[in-house]
Amino acid sequence: MIVQAVKWIGDIDGYLELVDQRKLPIEFATLQCRDVEVLFDAIKTLAVRGAPAIGVSAAYGLVLALQKPTDNIEKAMELLTKAREYLASSRPTAVNLFWALDRMQKKAAEVSRASRPRIAGKACPELVEGMPAPLKAFREAILAEAIAIHREDVEMCRRIGQNGQKFIEEGAGILTHCNAGALATGGQGTALSLMFEAQRNGKKFRVYADETRPLLQGARLTAWELMQAGIDVTVICDNMAGWLMKQGKVNAVITGADRIAANGDTANKIGTYSLSILAREHGVPFYIAAPSSTFDLSTKSGAEIPIEQRAAEEVISFRDAQAAPTGVGVYNPAFDVTEARDIAAIITERGIIEKPNIERVSQHLT
Ligand code: MRU
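Bear in mind that the values here come from a model prediction, so they are computed numbers and not experimental data.

Draft legend 1. Representation of the packing of aromatic side chains within the structure. Under the definition given, this model contains 4 aromatic pairs. Relative to Y60, the ring of W8 lies with its centre 5.3 Å away and its plane at 15°, an arrangement referred to as stacked. Separated by 52 residues along the polypeptide, W8 in strand β1 (residues 6-9) and Y60 in helix α2 (residues 51-65) bring together distant segments of the chain. Y60 shares its class with W8; the two are buried. Aromatic pair F167 and Y287: ring centres 4.2 Å apart, planes at 25°, arrangement stacked.

Spelled out as structure tokens, the structure:
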């Protein structure tokens, strides 16, 4: 059973239902987002997380924004633009958020232009005021676009898994970091999708899940998801990965991505960079699995990717347990960048980019 992290319930007046990932694995609870503010908080506090899941949720967030009372499309566009800016300020690194919001805004602009009354084939925007605007159709088109983004994500995840499952050999040991599973996407995940597809193909393998300090997405979420699927999973502390490789227990490292620059440099959860260096040192291939919506060709290299800094409390405590002295200095970047030269291949829904570089990334995406 693969969990569905993001669900839209109902029609244009419906709501977004998220699996509340802050509570896993202790409790499986859902969170209903009925306005943009609740969704913003859910993204910020990682109730919903993982680059594609954030993107899909934000797209539905714009549907929620249009539930505020309005009487014409121009006002609806204002609500949408305001919500777009607000949601875009929730988290800076995962580009899927901006990708989804931009796509929604573009669709809204197109539909609003097409909805203006026309006289003799010419648009007459001045006539919109005071006229019963086809607001319902506009809102339906916005919901349809969010659903399309979601459906495409489901399909991309499946294809990523199918394209990449060949990298998981019978009997292999696979190391993964953070959570790039169904919880992190609209579908069956990216890195974990390879594992689900390999399992479907009858392969037996073992996954080592880095616990992924400070918020433990690996220990809490990846371990939970893989256990649900009946995949052999072992949790390790982040600082055990090198020793595991030294013993020959890791045949491949597979992670997801939050943003991939034009040259293939890849931002992912803090700790991924260290893993890539360890993998290089031990001759272990390092794979990234991500949909094309995670590429940002306007970012030339990893140096340009904005890295989210998060609150000190996340490092010095977990839930109610304090782990360091109050007032100690803390550094808490949520992501780091793995250099393209240390990536054996990037697996997307379109296929495989072997040894990624600027030419290969561009060729793959065009
Ligand atoms: O801070 P998070 O939990 O949102 O970070 C998530 C990751 O780093 C994932 O590996 C990445 O978003 C890929 S998810 C398919």
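Draft legend 2. Representation of the sheet that holds strand β2 (residues 15-19) in the model. Spatially, β1-β2-β3 is the arrangement adopted by the 3 strands of the open sheet, whose pairing is antiparallel. Every other strand in the sheet has two partners, leaving β1 and β3 (30-33) as the edge strands with one partner each. Between one strand axis and the next, the sheet turns by 25° as a mean value, whatever way the strands run. Judged from the 4 bridges that link them, β2 and β3 form a sheet pairing that is antiparallel.

Draft legend 3. Looking closely at the site of the ligand. Of all residues adjacent to the ligand, which total 18 residues, the nearest are R49, R91, D258, N268 and K269. R49 is positioned with one of its side-chain polar atoms (N or O) 2.5 Å from an oxygen atom of the ligand. The separation between an oxygen atom of the ligand and a polar side-chain atom of K269 is 2.7 Å. For the ligand, whose free accessible area comes to 410 Å², the fraction covered by protein is 100%. The cavity where the ligand resides is the largest cavity. Grouping the amino acids of the shell around the ligand by side-chain chemistry returns 7 nonpolar, 7 polar and 4 charged. Here the shell around the ligand spans two domains, since at least three of its residues come from each of domain 1 (6-159) and domain 2 (166-365).

Draft legend 4. Just the domain arrangement of the protein chain, in detail. Domain assignment breaks the protein chain into domain 1 (6-159) and domain 2 (166-365). Distance between the C-alpha centres of domain 1 and domain 2: 28 Å. Of the residues lining the interface, 32 residues belong to domain 1; the matching set on domain 2 comes to 35 residues. Taking both partners together, domain 1 and domain 2 bury about 2700 Å²; carbon and sulfur atoms supply 56% of that area. Run the count over domain 1 and domain 2 and you get 1 salt bridge. As a salt-bridge pair, E308 and R91 come within 2.9 Å of each other at their nearest N and O atoms. Broken down by secondary-structure element, the contributors of at least two residues to the side of domain 1 that touches domain 2 are α2, α4 (95-115) and α5 (135-164). Of all the elements, α5 adds the most residues to the side of domain 1 that touches domain 2, at 7 residues. Within the side of domain 1 that touches domain 2, the residues separate by chemical class into 18 nonpolar, 6 polar and 8 charged.

Draft legend 5. Up close: the side chain of S293. For S293, the position within the fold is in the loop between β12 (286-289) and β13 (295-296). The exposure class assigned to S293 is buried, which follows from its relative accessible area of 3%. Polar contacts involving the side chain of S293 include one to the side chain of N96, which spans 3.3 Å. With sequence-adjacent residues up to four places away left out, S293 is seen in contact with V95, N96, W99 and M156.

Draft legend 6. Up close: the layout of surface pockets. Empty space within the largest pocket amounts to approximately 280 Å³. Lining the largest pocket are Q21, R22, T45, L46, L215, R220, R310, E313, E314, S317, F318 and R319. Of the residues in the lining of the largest pocket, the class split is 3 nonpolar, 3 polar and 6 charged. Lining the lining of the largest pocket are residues from two domains, each supplying at least three of them: domain 1 (6-159) and domain 2 (166-365).

Draft legend 7. Summary view of the side chain of T255. For T255, the position within the fold is in strand β9 (residues 252-255). The class for T255 is buried, based on a relative accessible area of 0%.

About the criteria used
Residues numbered from 1 in each chain as written. Predicted model: local features only at pLDDT ≥ 70, side-chain atom pairs only at ≥ 80, totals over all residues. Heavy atoms only, no water. Phe/Tyr/Trp six-rings, centres within 6.5 Å; stacked < 30°, edge-to-face > 60°. Helix = DSSP H or I, 4+ residues; strand = E, 2+ residues; numbered from the N terminus. Buried < 20%, exposed > 50% of the residue type's maximum accessible area, 1.4 Å probe, protein only. Pairing = 2+ DSSP bridges. Axes fitted to C-alpha atoms, helices over the stretch in contact; angles between N-to-C directions. Near = heavy atom within 4 Å. Polar contact = N/O pair within 3.5 Å; in protein donor to acceptor, adjacent residues only side chain to side chain. Areas by Shrake-Rupley, 256 points an atom, 1.4 Å probe, with all protein chains shown as cover. 1 Å grid on protein atoms, 1.4 Å probe; cavity = no way out; pocket = protein on both sides within 12 Å on 5 of 7 lines; lining within 4 Å. Sits in = over half its atoms within 2 Å of the grid points. Nonpolar A, V, L, I, M, F, W, Y, C, P; charged D, E, K, R; others polar. Domains from an automatic or database assignment. Contact = heavy atoms within 4.5 Å. Buried area = accessible area lost by both parts, 1.4 Å probe. Salt bridge = Lys/Arg side-chain N within 4 Å of Asp/Glu carboxyl O. Points joined across faces, edges and corners; volume = space filled by probe spheres on them.

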